[in-house]
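# Observations on the three-dimensional arrangement
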Amino acid sequence: MHIRTTAALIVVGLLATLAACAEDDTAAKASAPPTLTEEQHAGARAAAGIPAEPSITARDKYLEALNGIDRRIVDGKDDKAVSRGLNQCSSIKSFGGNREKLVELALGRFTIDTRLPEIATPEIGGKILDAVHKNLCPDF
């Protein structure tokens with residue numbers, strides 16, 4: 001009789017553990033961020049003024065332009081440089097007529113002002129801005 005009681009308690013314990021795991025899984029799913037469809041993602045990017053990912057050709061030309069300014073800007077981190085450039089496009093859309101502000105934002109966004117202070121000049125910022133505008137968001 002003692003064995004049956006022990007077995008029953010083990011089964012009850014296992015069922016309680018499984019129920020708790022199921023609740024945790026449900027809570028995790030409820031707190032997970034919703035996934036967006038490609039169309040929703042594109043709409044959100046457009047609303048933020050961020051263009052679509054560049055074509056391979058545009059991406060290569062953009063990275064080549066940045067490397068032509070100073071190889072340390074990209075520093076082998078191509079994806080990060082593209083991401084920063086796309087975010088700079090958002091600023092171009094917002095501050096299109098204010099080149100001085102855009103140059104300042106480019107120097108900060110690409111961390112030139114902190115990583116490479118010796119080249120943190122309006123001239124370099126302007127070249128970065130022009131590379132972004134020409135290759136990633138020419139329609140802005």
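Calculation notes
Each chain has its residues counted from 1, following the order in which its sequence is written. The predicted origin of the model limits local features to residues at a pLDDT of at least 70 and limits the giving and counting of side-chain atom pairs to 80 or more, whereas totals for whole chains, interfaces and linings rest on all residues. The side-chain quantities take in all heavy atoms of the structure and omit both hydrogens and water. Going along the chain from the N terminus, every DSSP run of H or I of four or more residues is numbered as a helix, and every run of E of two or more is numbered as a strand. Whether a residue is buried, partly exposed or exposed follows from its accessible area with a 1.4 Å probe, protein chains only, as a fraction of its type maximum: under 20%, in between, or over 50%, in that order. Here a residue-residue contact requires only that any non-hydrogen atoms of the pair lie within 4.5 Å. Every accessible area reported is derived by Shrake-Rupley at a probe size of 1.4 Å, with residue values counting cover from the shown protein chains alone. By disulfide we mean two sulfur atoms from cysteines, separated by a distance within 2.5 Å. Here the nonpolar core consists of buried residues drawn from Ala, Val, Leu, Ile, Met, Phe, Trp, Tyr and Cys, with membership extended through side-chain atoms lying within 4.5 Å. Here, expected helix span is obtained from the residue count minus one, scaled by 1.5 Å.

## Overview of the overall build of the protein chain
A count of helices and strands for the protein chain gives 8 helices and 0 strands. Of the regular secondary structure in the protein chain, the N- to C-terminal order runs α-α-α-α-α-α-α-α. Per-residue burial over the protein chain gives 29% buried out of 140 residues. Nonlocal contacts in the protein chain, meaning residues at least 24 apart in sequence, comprise 61% of its contacts between residues at least 6 apart. When the accessible surface of the protein chain is split by element, carbon and sulfur atoms take 58% of a total near 9300 Å².

## A few points about unusual backbone geometry
The phi torsion at D75 lies on the positive side, around 50°, for a residue other than glycine. Mapped onto the fold, D75 is located in the loop between helix 4 (71-74) and helix 5 (78-95).

## Considering the state of the cysteines
Evaluation of the coordinates by the stated rule reveals 1 disulfide. Disulfide pairing places C89 opposite C137 at an S-S distance of 2.2 Å. Between C89 and C137, the disulfide has an S-S torsion of -90° and is therefore left-handed. In this pair, C89 is assigned in helix 5 and C137 in the segment after helix 8 (122-136), connecting sequence segments 48 residues apart. Judged by relative accessible area, C137 falls into the buried class, the value being 3%.

## A closer look at the nonpolar core
Among the nonpolar cores identified, the biggest contains 26 residues, and Y62, L66, I73, F110, I112, I128 and V132 are the most heavily contacted of them. For this core, the element with the highest residue contribution is helix 8, accounting for 6 residues. Beyond its immediate stretch of four places on either side in the chain, L66 contacts I73, V74, A81, F110, I128 and A131.

## A few points about the environment of Y62
Looking at the secondary structure, you find Y62 in helix 3 (residues 56-69). Judged by its relative accessible area of 0%, Y62 falls in the buried class. The contacts of Y62, once residues within four sequence positions are left out, are A81, V82, G85, F110, A131, V132, N135 and L136.

## Thoughts on helix 8
In this model, helix 8 (15 residues) spans 20 Å end to end at C-alpha, consistent with the 21 Å of a helix rising 1.5 Å per residue. Where helix 8 is concerned, the buried positions are I124, G125, G126, I128, L129, A131, V132, N135 and L136. In this fold, the buried residues of helix 8 make contact with helix 3, helix 4, helix 5, helix 6 (99-109) and helix 7 (112-115).

## Some points on the environment of R59
Looking at the element boundaries, R59 is found in helix 3. For the pair R59 and V82, spaced 23 residues apart in sequence, the C-alpha separation works out to 7.3 Å. Not counting residues up to four positions away in its chain, the partners in contact with R59 are P54, D78, D79 and V82.

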